[in-house]
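Architecture at a glance
Read off the chains here:
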There are 2 protein chains.
Amino acid sequence: MRILVIGGDGYCGWATALHLSACGHDVTILDNLVRRKWDRDLGVSSLTPIRGIGERLRSWEATTGKKIGFIKADATNYAALVEAFQTVEPEAIVNFGQQRSAPFSMIDRDHAALTMVNNTLCNLNVLWAMREHAPAAHLVKLGTMGEYGTPNIEIEEGFITIEHKGRRDTLPFPKQPGSFYHLTKVSDSDQLFFTCRIWGLRATDLNQGVVYGLDTEETTLAPALVNRFDYDGVYGTALNRFCVEAALGHPLTVYGRGGQTRGFINIVDTVRCVRLAVETPAEAGEFRVFNQFTQTFSVLSLAHSVVRVGAAMGLSVELQHVENPRVEKELHYYSSVNNHLLALGLEPTLLDDPTIEGMIRTAARYEKRVDTGQIPATVQWAAGSPPGRPAVPAKVVRRS
Amino acid sequence: MRILVIGGDGYCGWATALHLSACGHDVTILDNLVRRKWDRDLGVSSLTPIRGIGERLRSWEATTGKKIGFIKADATNYAALVEAFQTVEPEAIVNFGQQRSAPFSMIDRDHAALTMVNNTLCNLNVLWAMREHAPAAHLVKLGTMGEYGTPNIEIEEGFITIEHKGRRDTLPFPKQPGSFYHLTKVSDSDQLFFTCRIWGLRATDLNQGVVYGLDTEETTLAPALVNRFDYDGVYGTALNRFCVEAALGHPLTVYGRGGQTRGFINIVDTVRCVRLAVETPAEAGEFRVFNQFTQTFSVLSLAHSVVRVGAAMGLSVELQHVENPRVEKELHYYSSVNNHLLALGLEPTLLDDPTIEGMIRTAARYEKRVDTGQIPATVQWAAGSPPGRPAVPAKVVRRS
């Protein structure tokens, strides 16, 4: 299948592009490489030494004999995107092409505006380009479980049947996004649903949980294929960050009480989920929503797991509750359905101690590249602290 | 109260600014006058000869002795907006400053993108400016009943209590926006709810129905205060357009079967609702949603009313079903709650025959200014017809 992977130079995008290529698809990456620029702007960097896109793609071809195309373009530039559609003639579009960090979107007004305009235009342009140049193609769009927030009822996959005052309807599941970044994903989902209805487009919205892990079957085939691994306060997500902290002997930084519970997924399953969605397209006019996670954990339980595995490895790992930079519930009900991808054949990779140990060992291997100054969560959600101060670390509060 | 009215040169904005000023508030309009430019770009114009903003404001002062301030600025320009906040030090902000036509947003990719970026940035900037420069002020934001779409259950005011699998929560009412314009309003509402939660802002979202009518108590005080009256295919809404058609002897253009049912409100009530919201602010951290309409009608029943009133006036009024340019249900359940504004004291101005007759007479008075070429709905929602052809009229289909 001819597949255009927008944002294919990123964490999930790169691993997915390789997996789709390995599975025999004709993959072209479209990326403007802006994430690498944002890293420089913020003074953060991947734990792993990721290579330039040219070296990545040459290495992939040298290692596997398979070729992945590359178009350096900004998907918010409609003319450039249309040109890419005309060149590739995609049968499927996988769209990772967005600013994907909640803290980044909360730094200040400019980062909020950048996130909203970048993400909204990228999504809108893809939909119009499909309408005008690839109306039969299938869009696989990355959303996030964070769109739902933490409702006190079970989270369904995109839609919920509501009985109200003696009547009934199946409606979009109510969303409670928790950052400007999450707000963009909700708006994207609404755009997808709308354009499937009015233009007959076909789209799958993958509401992904927190991704952890580094390696996939493909990224380990050659050193230059190594994926990025973020541990900083802006891009580093819970489990990945804890493993880096454990490797360094840095206390595990748990935000607030740590009862925040979320869906999680290993990156090896991310790439499989995207492939399953691509290879089983939505019908014309169909808007599907898949909740893409395999397990739910509280942040505190993950930290305890890392403490336990670290101890077994002979490391001294402490746990530290730091002031929560976000405004969110720290103790709440959380349950979500994730049937659709299982029905398509996903066999979940469950989190076990060897996986955590492997992540800690990976972190240790790159120990010299770690800058501990990047770890603190410096972006505050609340209005009490002035915005736009990524240099000031969150106050440390010992609670346990 | 010091009130900043963003978008105060528009249809609802102008009438509201005058009403707030008449009620003794200290009003400043912020507007970039871009709607006047869009009219020129589209080749459409108000039925009524609206004056320039300078003449409008001079006339208001000469007539009433009251002064309304004016700042020519684009609210999507954050620096300019901040400067206005610092100058005005608003206690309330009324935000009408958005591209407000659904057909405009559906013309082509560029108009969709303009609408999304313009509306999203305007709303986002106001919220950040409030956080940084007016954290205690109250935001009154214009939304639309169109955010809800046409669910098969009763529409509540912003939130709904859902029982699901033995659990219960009160969540944002599910939205099904029907155009790129409506999508922006949904995203705005989500932004408001989010920033009230995390920053403690106070906001009221007015989900307004279709507005009809021309005059308010204030706009009739002097000729130069006359409000705009849109009858064209892009900005003209159902009842206003029917009255112009009746005055001209043009068939009333009913889209499709005409069973589309919506909430409606007379502009004299619009200005009162905004005043009620402003004068009874939300609490700090509170996000209120008011459904701002007074009656529900199907489009066909309105057309029949105009036919009846026109006949009594001696006019020969025909009714013509034209192909629906939109993708929407033409027969559906529709019921919505609108208790909050009634509880604040709104006494609804109900639609009666004299009101319709008055609107037809107004249209007749300006008959020479009418360009019937502006009437057809030329913007198609569906993908079958190529986008971006505002010059091609919708096909006429006689169904009744």
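For the structure, check the block above.
Residues numbered from 1 in each chain as written. Chains lettered and ligands numbered in written order. Predicted model: local features only at pLDDT ≥ 70, side-chain atom pairs only at ≥ 80, totals over all residues.

Right, let's talk about the overall build of chain A for a bit. Check the secondary structure of chain A and you find 12 helices and 14 strands. Taken over C-alpha atoms, the radius of gyration comes to 20 Å for chain A, in line with the 21 Å a tight globule of 400 residues would show. In terms of its C-alpha atoms, chain A occupies a principal-axis envelope of roughly 65 × 55 × 40 Å. The long-range fraction of contacts in chain A, counting pairs at least 24 apart against all pairs at least 6 apart in sequence, stands at 82%. (Helix = DSSP H or I, 4+ residues; strand = E, 2+ residues; numbered from the N terminus. Rg over C-alpha atoms; globule rule 2.2 N^0.38 Å. Contact = placed C-beta atoms within 7 Å.)

What follows covers the sheet that holds strand 9 (residues 210–212) of chain B. All names here are of chain B. Read across the sheet, three strands follow the order 9-11-13 without closing on themselves; strand pairing throughout is mixed. Each of the sheet's edge strands pairs with one partner strand only, and the pair in question is strand 9 and strand 13 (295–298). Strand-to-strand, the axes of this sheet are offset by a mean angle of 45°, without reference to chain direction. Sheet topology note: the strand 9/strand 11 (residues 261–266) ladder contains three bridges and is parallel. Bridged to valine 211 within strand 11 is isoleucine 265. (Pairing = 2+ DSSP bridges. Axes fitted to C-alpha atoms, helices over the stretch in contact; angles between N-to-C directions.)

Chain A puts 43 residues into the contact, and the matching count from chain B is 43 residues. Of all the secondary structure elements, the ones that give two or more residues to the side of chain A that touches chain B are helix 6 (109–133), strand 6 (159–164), strand 7 (167–172) and helix 7 (180–199) of chain A. A per-element tally of the side of chain A that touches chain B places helix 6 of chain A first, with 10 residues. Residues belonging to the side of chain A that touches chain B are distributed by class as follows: 26 nonpolar, seven polar and 10 charged. (Nonpolar A, V, L, I, M, F, W, Y, C, P; charged D, E, K, R; others polar.)

This part takes up the pairing of strand 5 (residues 138–144) of chain B. Residues and elements named next belong to chain B. Counting buried positions along strand 5 yields seven of seven residues, so the element is predominantly enclosed. Neither face of strand 5 is exposed, since His138, Val140, Leu142 and Thr144 on one face and Leu139, Lys141 and Gly143 on the opposite face are all buried. Pairing of strand 5 with strand 8 (residues 202–208), which is carried by seven bridges, proceeds in the parallel orientation. Looking at the pairing, lysine 141 lines up with aspartate 205 of strand 8. (Buried ≥ 20, exposed ≤ 12 C-beta atoms within 10 Å, placed from the backbone.)

The next subject is the packing of helix 10 (residues 299–312) of chain A against helix 12 (residues 353–365) of chain A. Residues and elements named next belong to chain A. Relative to each other, helix 10 and helix 12 sit at 75°, their axes nearing to 10 Å. Put simply, helix 10 runs roughly perpendicular to helix 12. For the pair helix 10 and helix 12, the contacting residues are Ser305, Val306, Val309 and Gly310 in the first and Asp353, Ile356, Glu357 and Ile360 in the second. Residue composition of the contact of helix 10 with helix 12, by class: four nonpolar, two polar and two charged. (Parallel < 35°, antiparallel > 145°, perpendicular 65-115°, else oblique.)

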